[in-house]
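Fold and geometry: a report
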Amino acid sequence: MELRERLMELGFSGFECSQMMMAVALEMDGQDNPDLIRAMSGLTGGMGHSGGVCGALTGGCCVLGLLTGKGDPEEMEHNDSRKILQSYIAWFEENWGNHFGSSLCRDIVGGDFSKCMTVCLPVIESCCEKIMELAEEYELMG
């Protein structure tokens, strides 16, 4: 299934930006984690639908954290974890922050959360593609 098609399917099933991104990342890595997808709902709509920082930005950071971060006492964080996260953030700001004049959800959707599937879908799709690019570049997925 194509990325856009999968994202639309998730969106029409009631999932939002950060949840969709994590679901796609988990699927690509052959994982299933409904608790993690549920936790990602706290980032949707700019964190709790407050209109704050875009969920595709924060959700993407969470996906990259899942791929590069420390998960238990015996585990080490990926050597380039912070570099990878900073690269993603800079890319988002340059591409989407500049495009919309802001990285805030309320500015991106113009205060109208009903526009999420039309306005946000291209943002989410390109963010997923950037994460895949970073995952390939840094060999983050099995």
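Coordinates for the structure precede this section.
Residues numbered from 1 in each chain as written. Predicted model: local features only at pLDDT ≥ 70, side-chain atom pairs only at ≥ 80, totals over all residues. Heavy atoms only, no water.

Side note on the environment of Glu 75
Heads up, the rule is: Helical segments are the DSSP runs of H or I of at least four residues, strand segments are the runs of E of at least two, and each set is numbered from the N terminus. Between two residues, a contact is recorded if the distance between any of their heavy atoms is within 4.5 Å. Distance and chemistry together define a polar contact, namely a pair of N or O atoms within 3.5 Å, with one atom able to donate a hydrogen and the other to accept it when in protein, and with adjacent residues in sequence counting only for side-chain atoms on both sides.
In this structure, Glu 75 sits in the loop between α4 (55-68) and α5 (81-100). Spatially, the C-alpha atom of Glu 75 lies 27 Å from that of Cys 127, the residues being 52 residues apart in sequence. Not counting chain neighbours up to four residues away, the residues in contact with Glu 75 comprise Gly 69 and Lys 70. Separated by 2.4 Å, the side chain of Glu 75 and the backbone nitrogen of Gly 71 make a polar contact.

Points about unusual backbone geometry
To keep it simple, the criterion reads: Between buried and exposed lies partly exposed: a residue is buried under 20% and exposed over 50% of the maximum accessible area for its type, with that area taken using a 1.4 Å probe on protein chains only.
Backbone geometry places His 49, a non-glycine residue, at a positive phi of 55°. Tracing the chain through its elements places His 49 in the loop between α3 (34-40) and α4. Despite not being glycine, Glu 139 shows a phi value in the positive range, around 50°. Checked against the element boundaries, Glu 139 lands in the segment after α7 (116-137). On the accessibility criterion, Glu 139 (71% relative accessible area) is exposed.

Some thoughts on the packing of helix α1 (residues 3-12) against α7
Let me state the cut-off plainly: Axis angles are defined between N-to-C directions and span 0 to 180 degrees, where every axis is a line fitted to C-alpha atoms and, for a helix, only to the segment in contact. An angle below 35 degrees is treated as roughly parallel, one above 145 as roughly antiparallel, one from 65 to 115 as roughly perpendicular, and anything else as oblique. Here a crossing is called left-handed whenever its near helix is offset anticlockwise from the far helix by less than a right angle, and right-handed whenever the offset is clockwise.
Two elements in contact, α1 and α7, have axes separated by 10 Å at closest approach and are oriented at 130°. Considering the angle they form, α1 stands oblique to α7. Read as a crossing pair, α1 and α7 show a hand that is right-handed. Contacts from Leu 3, Arg 4, Leu 7, Met 8, Gly 11 and Phe 12 in α1 reach Met 117, Leu 121, Pro 122, Ile 124, Glu 125, Cys 128, Glu 129 and Met 132 in α7.

Considering the packing of aromatic side chains
Condition: Under the pairing criterion, centres of Phe, Tyr and Trp rings, with the six-membered ring standing for Trp, must be within 6.5 Å; the plane angle then separates stacked pairs below 30 degrees from edge-to-face pairs above 60, leaving the rest tilted.
This model, assessed by the stated rule, comprises two aromatic pairs. Judged by centre distance (5.9 Å) and plane angle (25°), the rings of Tyr 88 and Trp 91 are stacked. Taken as a pair, Tyr 88 and Trp 91 lie in helix α5 at a separation of three residues, close to a single helical turn. With respect to burial, Tyr 88 and Trp 91 carry one shared label: buried. Where Trp 96 meets Phe 100, the ring centres are 5.9 Å apart and the plane angle is 25°; that geometry is what we call stacked. Taken together, the residues Trp 96 and Phe 100, both in helix α5 and four residues apart, mark about one turn of the helix.

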